[in-house]
Structure formats: C-alpha cells, structure tokens
Amino acid sequence: MTPEVVEPGVKVRLPLVVNGERVETLVDGYKTLLEVLREDLQLTGTKHGCELGECGACAVLVDGEPTLSCLLLALECPGRDVVTVEGLVSDGRLHPLQDAFADLGAAQCGYCTPGILVTAKALLDREPHPTRERIREALSGNLCRCTGYLQIIEAVEAAAAATPRATRGQAR
Amino acid sequence: MSDGSLKVIGEPRRRVDGRAKVTGQTRFADDIVLPRMLHCKLLRSALPHARIVSVDTTKAEALDGVHLVLTGDAFPIAYGVLPVSHDEHALCRDKVRFVGDPVAAVIAVDEATASEATRLVHVEYEPLRTFAEPEDSLAHPEPRIHEYGDEGNIHKLVSLQFGDIDAALAAADHVFDDTFFFEGSTHLPIEQHAAVGLKDPDGKLVVYSSTQTPHYVHRALAKSLAMPAAHIRVIATPNGGGFGGKSDPFNHEIVVAKAALLLDRPVKICLTREEVFYCHRGRHPVLMRFRTGVRKDGTLAGVDLQTLLDGGAYGSYGVASTFYTGALQTVTYDIPRYRFRGCRVFTNKPPCGPKRGHGTPQARFGQEVQLDKIAERLDVDPADFRLRIVAPPDSLTANYLRIGTIALADCIHSVVRQSDWKNRFRKLPRGRGVGLACSSYLSGAGLPINWNDLPHSGVQLKLDRSGGVTAFSGATEIGQGSDDVLVACVAEVLGIDPFDVRAVTGDTDLTPVDLGSYSSRVTLMMGNAAVEAATRARDLIAGAVSRRLDVPPERLTFAERRVFDASNPSTGVSFQEAVCIAEAQFGTLGTTGSYTPPKPAAQFKGGGVGPSPAYSYTAAVVEVDVDPETGWIRVPRVWIAHDIGRALNPTLVRGQVEGSVYMGLGEALMEEQAFRRLPPRLSNALVHKFPSILEYKSPTTLDMPEIFTDLIEHPDAAGPFGAKEVGQGPLLPIMPAVANAVYDAVGVRIDEVPITPQKIVKALQAKAAGRDARYGPAAFPQIRWPEPLLVAPPWEGGDGRASNEPSRKKRKAEAGIEGTAGVRA
C-alpha cells in the first residue's frame, strides 16, 4: 500500500501485529521497519549488516514472507503481521529450528542467525521437508561469514526431520 | 576423540552460549540502549593524502540537536596497537592519510542529526601526492606519509638469513624462481563495529565495544586520553564476527569515550558498512618472490623469500604482519637454509592489518603453488613430494621455532585417501582437476605485543555454597566459542556439567587480563589457565572432602556432579555439598590460573614473531570444474584434514574448519579489497572500488562445496587436554589448493589470487599463443635490502643469536622500556 505523504518531523501512528501481539507506536516517517523494530519496539534480536538489502541479517517475516526489514518503510506496514526472532519461541520452548541451530553449530557469532532462522522458518512453513537444494536457494540471500553454511543447512534439515539432537542439562 | 576418562571434552555439545544466539538475546554493542544516550557520527576525509589547513565547526555546532563537535585538537596523544607504531590519533590533527580517515566527530541527539551536522563541518585541505601502489612508495620517499619508519615511505625492512643460502642455492640441483601476488581482502564481519562510551556513576569511564582485544583498547584509551587505566573499564561485547578486523584499538572507540567524559552522557557509534570497508585492517596485498633450491633426491636445499607488503596508511599490526610473511615456512617443511627479506610500505589506502592467518596466507600461497610446480618438474606426485619434506617433530627449525607435535603427514595421507587422489590427480578429463596444499599455524603468539613478563591469560574461579561456579576470563567471544572452551575446561576438571558454569568474559573491571581473541591463542592459553584454576579448586575441595569422608584426596574422583571415592563410588557427596564442606573449612572459595608461553629459542632481533607453544597443521585437496571457454570456475568438493591435537568440542571445531574453507574459497575466487581513482573532474581521489556487500563478492550458500573434514587428534602436551588451534590454520591451504587444481584442470598457472575467470582465460590465451601458460606478476621490484642478520641454523652450530647484531643489552637500552618483544624496532 502507498503511505500517505508525511510531513518531516511529524510522527505517524503505526499499528502492527508483532510476534502475535497488537502494538501501536508513533514512528518517524523516514524510518524503516528495521529501525522501528529495533529502536521503537526494542526488538533488538533483528540485526543489521548493511542497511542496503545486501546481507540478509535484517530479515523478518511480513505476513509470512521473508522480508528485508531495512528496505521496507515502516509506514508501508500498517496492520501487517510481523514475526521476528523473538517470536519463534512459543510456550517457553525453542522452535525446532532454534534447537537444531544451537545443537549443531549453526550459530557461531550469532549475528546472521536471527535473519536465517526466520527465513528458514518461512521455508519449513511452506515446505516441511525441503531438499538440500531448496534450503540452499532459500538461504542464498543470507550471508554468514563464520560457518561456511554447511552446519546451517544441516540444522535446517534436522529441524525438518524434527529430530534435534538431545542435549545435556541445557535450558530449552 | 573419545577418551574414557573425559566426560565433557571431546563430546559434540551445544555451546554454552547457543541458546542466547538462536533467540536473538546475545547483546551486541549496537543493541545497547541507555537512558540519555546520544549518537556519534564521524566526518571522514574524502581526500587520500592532504594537509589539514583548517577545520571550521561553527555551523555544525549551531545545528539544533548537536551537543558536541570534536576535532583533532581534542586528541593530542597518539596511540596504536604495536608500541613501535603509535601513529594514529582518534581524529586527524595535521593531515589525512586515506579516504576515510576521520577528521571530526559530531555528537547529537540522534544519528540523522549527527550525520547532517558532519556535512556542516568545513575542512580546508592542501592536497599532497597520492601513493596508490607500493611501487610509488618505493620510488618516492617524499612527501612522507608518516614521519617515522625505516626510510621514506618504507615502514619496515626486515632481513634475516639462516645459513649461507646463496651457497645452498648454488649447490642445489634445481633452483626454482617464482613470483606471486596475493590481493588484499577484508574481514567483512556481518556486524558493523559499534561502541558505547559512558561515565559510570562514580565518574569512571566505561566503554562497551565490539572488539576482539579489550585489553589493547584499555591500554589505548589510557594512553590517548591520559587517564589512569584503573579508572577505565572496557567491556567487549560478543562480536558479530571478527576475523582480525576488530583487533586494533579504533578511533571511534576513543572518540565516544572522550565525548562521554565531556558530556557525562552515554554516547554510541555504529559504523555504516561503507565505513567498515574503510576501517579495514585486513589482508595485506603481498607481492613475493620464492627462490627454492631442490636436490636430486627431492629434498629442499634452501629457500630465499622476498615479500613486499602494501601496508596502507597506518602501522596497525603491520610490523608483525611483515615478519609473519616469512615466519612459518620452516615450521611446515624441512628447510635447512633460509633467507627472508620483507618490506612493508605505506600507501594512501585504508590500513592493512591482521586477517585470519595474519601475514602467513600470502606466502603460504606462493610456497604451496611453487611446490606444485617443483613436483611437476621432478615428475613426482605432489603429495609424495610433501611427505618427503615434512618438518620433523620435536625439533628446532632453521629460524629457531620449536616444533612439538606435527601430524602433517597424517593429514596428507588422510586427504589423499579420502579424495581418491591417486586415481584422480592428472587423470581427470580436461576441465576437471584436483589440487593439494598444506599449511601450519600458531596456537597463539609466543611473545606478547607489549614486552613484559606478565601472563598472557588469566582465569579466576568463584565457587560458593550454591554449587555454582563462575569463571572469569578476559578472553572475548567472537563466535569462535571461547566461552564454551572456558566452561568446558572448568566443567571437565570439576566433574560438573558445562551448563553449571557461568562464564564472565571480556570485561577489564571484572575479569583477569587475557590478551584477546587473535592469533588463535585463546583455546591454548585461556584453556591452560582455566585448567590450572579448576585444578586448584578441585585440590582445595578434595582436601576438605577427604577429611570429611576419610578418603585420601588422591582417591577422590570428580564426576557427574559428585565427589566420590574412586574405589567405592557410593562413598561420596554431591558437588554442591563438597563445595559447602570446602567453604566451611577454608572460607570464601576462589582460585586463579595463569598461562605464560615458554621462552622462545630465538635470540635475534625479529625472532619474537613466529614462536608458539604449539603449531597446528592442515592438508587439503580441492576439486575444481573449470570451463575452458569462459574460465568459469566451480568448486564441488573439498577434503581437509586438520591436526588439532584434541577437539574440545568437535561441533565447534568442525565449524571452524568449514568456516575457514569458506573464507579461503572467498579469497581464492572472488574477494578483493581493491581501489580506483575517481575521475579527475571529481577529485582524482583513491577510493575503495566497491565498499558494499553486494559488490564485494563473498560466497553464498550456492557457492559452497561439499566439505569432508577429518580431525587428526594427537594430543600435544602444550595444550589443554592436548588441544591446538583450529580457527585460522584450515584457511591457509585453500587458496593454493585451488590454484593447483586449476592447473590440473586446464594446464595454466594462476600465480595470484583471486583466481578469476578472466585470469584463467588470459592464461589459456597465452598458452594457445605459445607464451608462458600463466597469469601472474612479471617481476619482483628491486629493493635496497639492508645487510641481513646472520643466524647460523641449529645444525650449523648456531645458538639462536645473530653473529652481526649489537648485543642485546645495548639494544634494549636504546629501545627504552616500552619495547615489543615480538616486533622490536
């Protein structure tokens, strides 16, 4: 949808559904969804690596679609459903992807991880048992400098198989 | 490796910080938000080399929302990571030395206002000659980029000779003379550098920063702000990737510290991606020439190496980088005589420094490609050739590096077997090829940057009646898993679960000094300190429990959260009870552990770079598909074997190996920190060719090959539970293995990285035209090398000293108190 013309310096009321909760906030018209999530809603789990749509670190789900939140003006999102990494935990339990990533070495520095997790979630929501090639394609816009991607791909496969390794004495 | 007596070590485990990372709760520097926090932006030079005539901040200061504008006047004291090159000011004072050098800082209510205000700062410059290439810097000593350095625009000249290399080459049956070039590349951590400065309630300075080296930031802040170090607290936030790029103390850290002190409000800065490219401190572009003498029997007679490093605009770690281009060749292969001459020049580009492998990947590339050429000429299999010349274990090299365990031969055998090398090398159809290369790396530098006798790593443990153990260490979590190593070592010794141990790390107020997460030093050094601290805690507890249970302490076992009689396991107490017993007996419980590396054998100037408590080794086979028409190159498979000593957490070790292969492929195939001149009608400035992630190509999921990793575990006595490094070594063989595989595939030598389709096509065209089937640098320039220090190798009666060097005592007096063992100037 096309945002209305916004006067500089005037804040605009923005209703969103974030991680299942209705929120309403006053935002600066120039702000991206990324900035509103991190700065106005204190959801700092979503990261930034370039703010130009190049690295994938800021990916969130908007109406279920992986979206680069650094390229989207917040005002383009009134009423839309946004899922960030903070929204993956449900009933106090990690999402199977989160367990698999933690168990299988898919998060090293952890900085690209939130963007990759939500992108992988969108894939698994649509295709519960994707091939390795499909996983590679789905994550090809998310850069990771630490892992070489293989443990990430294996973790997505493990989550798809819903058999994350049992671990010892760890909070879940 | 399973070892019956070990419960935690060697088990693939979820890392202790795994949950935080997958929930987005790891708090990176830019995630810190504090009440009354202001934001900082830097005005950076748009000229590569210019004198600053004047800086007018009046308009910027007048802008609504601006709280402070700083210029170089606020920072009279220079700093730098190496004591021999304190050549930076937080904001430039007299001149700028590269596009991106910061000139002014604006602190404002938000980033947008700060950015707007930087554009209102007026700087008048007087442009100076731009030095774009090392050849310019060699040819023109004036104007000098810096007023220090060995001569003109040469920062550092190194010349070392171990035995009569000229005689060795003259007597050799073959002498191979090859020139190679390794292009610069940058770390590209996905997290941009960020820092927050604040004054704590009692008036002391606190700086949070995404730094790999809080101790060096601490030192730089104390010096440049002329404050007692005891009044400064540096907290290293977990780094969103480092790879060496967050190892220098940075100007932006000092700027936000100063601003916070002046304003008494928290001040944050987060660099843009473009700024991160200009901060750099990455891989030095290196031109190199290897002359290698080979005997008829296929052994090496000697190596004569020259390197020329493009250092960029500041010293950074560059003196160490220069030495490192020549340090580790002898640790890998048996080289009876050796000469190394290295030269680092200043140019008007972002400063180069340490990137994964620090100074060693460039020369490793040259050496391993040359060995491939030698094997070809001698008509021996390159794997067999290397097996013949692998350095011996428990030995001293020609340049006085002490080798402990070396499982390089096992690594070679492993990748040869796994890759079916014997049936594939020189046997695949045209367009497909395999290449092999090897490498070695340090498990931490044997000497500190700041010359002193203090430990390199300290660990403190706090235990109390809760049964909980807190481990304090200055080491910094940069994704490599240092918190996990710390916790695993403590848990193993105390027989508890890693999750029972809390890690408090990288905080100069709370944690004992660790020199930082660089040079692959943390696992070995912090690990040893952790084992020492935990062993002392175990001994204390065992003493108390022994009295209570009337069991001799040596019979007490710590396992499964219990302390019990090994010969009668039902006699025992829970770990928590054991701690209570000890606390009741001794009072508050705490122990410490420290690690200081053994003294190196080298006694000559420059011998401080290269020694390490243990060296890791790697062998790799890379398979390539090359389209002979387009030069398009694809890597379907990599086999890699790494001599790790012992894998403390195999999941993380494998991650380091695969991450190294990934980064190595990036350097081999696509990554370039390259520069261009803007058109003269603009400014003719020397700028980064593509300071964006989109155009600085790095491998994606679609580019990654299958990787077959084999961990060779022969515990090394120097490491905790026998562990050696893994974070850097496995990167090193990848680039030369790709080059060697390209030759196997299409018969052309690409003697430089990155190996791009264009270069392959050019080499194929040269081959078709009957010219040298090669793409690479034509020649190594003439450099006026100083007379080398002459050091006789151990087997020629040497004692590690140079015969033509002034005495140590005299040199020390000349150097003053603050020398650098590693890089004595």
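Residues numbered from 1 in each chain as written. Chains lettered and ligands numbered in written order. Predicted model: local features only at pLDDT ≥ 70, side-chain atom pairs only at ≥ 80, totals over all residues.

A.B. asks: Explanation requested: the nonpolar core in the structure shown.
C.D. replies: Inside soluble globular proteins, nonpolar side chains tend to come together where they are buried. Residues and elements named next belong to chain B. V490, V738 and V742 are the most contacted members of the largest nonpolar core, which has 317 residues in total. A per-element tally of this core places helix 16 (residues 522-549) first, with 15 residues. In this structure, V742 is in contact with G433, V624, V626, I633, V748, I750, I755 and I760, ignoring residues within four places of it in sequence. (Core = buried A, V, L, I, M, F, W, Y, C linked by C-beta atoms within 7 Å. Buried ≥ 20, exposed ≤ 12 C-beta atoms within 10 Å, placed from the backbone. Helix = DSSP H or I, 4+ residues; strand = E, 2+ residues; numbered from the N terminus. Contact = placed C-beta atoms within 7 Å.)

A.B. asks: I would appreciate a short explanation of the interface of chain A and chain B in the present structure.
C.D. replies: Interfaces are often sized by the amount of accessible area the parts lose when they come together. Contacts between the two partners involve 44 residues from chain A and, on the opposite side, 43 residues from chain B. Broken down by secondary-structure element, the contributors of at least two residues to the side of chain A that touches chain B are helix 2 (96-103), helix 3 (113-126) and helix 5 (150-160) of chain A. For the side of chain A that touches chain B, the element with the most residues is helix 2 of chain A, which contributes four residues. By residue class, the composition of the side of chain A that touches chain B is 23 nonpolar, 15 polar and six charged. (Nonpolar A, V, L, I, M, F, W, Y, C, P; charged D, E, K, R; others polar.)

A.B. asks: What is the right way to look at the sheet that holds strand 18 (residues 432-442) of chain B in this model?
C.D. replies: Remark on secondary structure: sheet strands pair via backbone hydrogen bonds, oriented parallel or antiparallel. Residue and element names in this part refer to chain B. If you trace the four strands from one edge of the open sheet to the other, you get 18-26-27-30, paired in mixed fashion. In this open sheet, the two edge strands, each paired with only one partner strand, are strand 18 and strand 30 (706-712). Strand-to-strand twist in this sheet, taken as the mean axis angle between neighbours without regard to direction, amounts to 15°. Two elements, strand 27 (residues 633-643) and strand 30, share seven bridges in a ladder whose sense is parallel. (Pairing = 2+ DSSP bridges. Axes fitted to C-alpha atoms, helices over the stretch in contact; angles between N-to-C directions.)

A.B. asks: So what exactly am I meant to see when it comes to helix 16 of chain B here?
C.D. replies: Along an α-helix, residues three or four apart share an orientation, since each turn contains 3.6 residues. Residues and elements named next belong to chain B. With 28 residues, helix 16 should cover 40 Å at 1.5 Å per step; its first-to-last C-alpha distance of 38 Å lies within 8% of that length. Where burial is concerned, most of helix 16 is hidden: 20 out of the 28 residues are buried. Following helix 16 by one or two positions, D550 adopts a phi angle in the positive range, close to 60°. (Expected span 1.5 Å × (residues − 1).)

A.B. asks: Help me understand the packing of helix 6 (residues 214-224) of chain B against helix 7 (residues 251-263) of chain B in this model?
C.D. replies: How two helices sit against one another is set out by the angle between their axes and by the gap between those axes. All names here are of chain B. At a minimum axis distance of 10 Å, the contact between helix 6 and helix 7 shows a crossing angle of 55°. Of the possible angle classes, the one that applies to helix 6 and helix 7 is oblique. Every pair of crossing elements has a handedness; the one defined by helix 6 and helix 7 is right-handed. Where helix 6 approaches helix 7, its residues V217, A220, L221 and S224 are matched on the opposing element by E253, I254 and A257. Looking at the contact of helix 6 with helix 7 residue by residue, the classes come out as five nonpolar, one polar and one charged. (Parallel < 35°, antiparallel > 145°, perpendicular 65-115°, else oblique. Left-handed = near helix turned anticlockwise from the far one by under 90°.)

A.B. asks: For this particular structure, what's the right way to read the environment of B:L82?
C.D. replies: Residue and element names in this part refer to chain B. Looking at the element boundaries, L82 is found in the loop between strand 3 (66-71) and strand 4 (95-96). By the C-beta count within 10 Å, which is 21 here, L82 ends up buried. As a C-alpha pair, L82 and Y317 span 235 residues in sequence and 6.3 Å in three-dimensional space.

A.B. asks: Would you mind showing me how to read the pairing of strand 13 (residues 286-294) of chain B here?
C.D. replies: When a strand is regular, its side chains alternate between the sheet's two faces. Residues and elements named next belong to chain B. Where burial is concerned, most of strand 13 is hidden: seven out of the nine residues are buried. Where strand 8 (residues 174-182) meets strand 13, nine bridges bridge the pair, whose relative direction is antiparallel. Counted as the bridge partner of H174 is V294 from strand 13. Here strand 13 runs beside strand 14 (residues 300-310); their pairing, made up of nine bridges, is antiparallel. Across the sheet, residue R291 finds its bridge partner in strand 14, namely D304. Linkage of strand 13 to strand 14, two consecutive antiparallel strands, is achieved through a turn of five residues, within which G298 is found at a positive phi near 85°.

A.B. asks: Whenever I open this one, the packing of helix 11 (residues 360-378) of chain B against helix 12 (residues 382-389) of chain B confuses me. Can you help?
C.D. replies: Residues and elements named next belong to chain B. Interaxial distance between helix 11 and helix 12 falls to 9 Å at its minimum, and their mutual angle equals 110°. Considering the angle they form, helix 11 stands roughly perpendicular to helix 12. Taking contact as the criterion, the partners of L371, D372, I374 and A375 in helix 11 are, on helix 12, P382, F385 and R386. Residues belonging to the contact of helix 11 with helix 12 are distributed by class as follows: five nonpolar, no polar and two charged.

A.B. asks: Can you help me understand the confidence of the model for chain A in this one?
C.D. replies: Any segment with low pLDDT has predicted coordinates that should not be analysed in fine detail. Summarising the model, chain A shows a mean pLDDT of 92, and 91% of its residues fall at 70 or more. Counted against residues more than four places away or in other chains, residues 163-172 of chain A, with its pLDDT under 50, gives 21 contacts. (pLDDT = per-residue confidence, 0-100.)

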